[in-house]
Amino acid sequence: IRRVALMANELADAGAIVLVALGSRYRVAREGARKTIGEDRFTEVYVDCAVTECIRRDTKGMYGKAIAGNLPGFTGVSDPYEMPDMPDVHLFTDIVTVEECVNKLLVYLKESGFIDY
């Protein structure tokens, strides 16, 4: 996560709009990324989904393997996920449609001045 944050920071310094999708399970890692990139350029988007829905959507059977104990350290099963205290955007993907999630994110980015579209 540190390396990705450093690269995102360099790209942002060069004028790029950078979107990074990471499964950052620990708050300290996300806070470090925010500090590296800068509070004014960092947006934390919490893509939230109940574990039961993740299990239902799991086409590779990873959750089943984790529940059976065959995948140790699996986030949400045998390893914790530390939810963000105050994400900038909170998307409930098990409750609303993909389109609604995208629209919510675009509205935030526009209102925050990240995009002018």
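Rules of the game
Residues numbered from 1 in each chain as written. Predicted model: local features only at pLDDT ≥ 70, side-chain atom pairs only at ≥ 80, totals over all residues. Heavy atoms only, no water. Helix = DSSP H or I, 4+ residues; strand = E, 2+ residues; numbered from the N terminus. Buried < 20%, exposed > 50% of the residue type's maximum accessible area, 1.4 Å probe, protein only. Contact = heavy atoms within 4.5 Å. Areas by Shrake-Rupley, 256 points an atom, 1.4 Å probe, with all protein chains shown as cover. Lys, Arg positive; Asp, Glu negative; His and termini not counted. Charge placed at Lys NZ, Arg CZ, Asp CG, Glu CD. Salt bridge = Lys/Arg side-chain N within 4 Å of Asp/Glu carboxyl O.

(A) Molecular detail of the overall build of the protein chain. Within the protein chain one finds 5 helices and 2 strands. What you see in the protein chain, going N to C, is helices and strands ordered as α-α-β-α-α-β-α. Expressed as lengths along the three principal axes of its C-alpha atoms, the size of the protein chain is roughly 45 × 30 × 25 Å. Residues counted as buried form 22% of the 117 residues belonging to the protein chain. Counting only contacts in the protein chain whose residues sit at least 6 apart along the sequence, the fraction spanning at least 24 positions is 59%. In the form shown here, the protein chain has an accessible surface area of approximately 8,500 Å², with 58% of it arising from carbon and sulfur atoms. Computed over 14 positive and 18 negative side-chain charges, the separation of the two mean positions in the protein chain equals 6 Å.

(B) Representation of the pattern of salt bridges. Evaluated as defined, the whole model comprises 9 salt bridges. Its salt-bridge partner being Arg-41, residue Asp-13 comes within 2.9 Å of it at the nearest N-O pair. You can see Asp-13 sitting in helix H1 (residues 2-13) and its partner Arg-41 sitting in the loop between helix H2 (27-37) and strand E1 (45-48), a full 28 residues away along the chain. By relative accessible area, Asp-13 is classed as exposed at 54%. For Arg-34, the salt bridge identified is with Asp-88, shortest N-O distance 3.2 Å. On the criterion of sequence distance, the pair formed by Arg-34 in helix H2 and Asp-88 in the loop between helix H4 (62-67) and strand E2 (89-92) is long-range, its members being 54 residues apart. Among the ionic contacts, a cluster of salt bridges with common partners joins Arg-30, Arg-34, Glu-39, Glu-44 and Asp-88.

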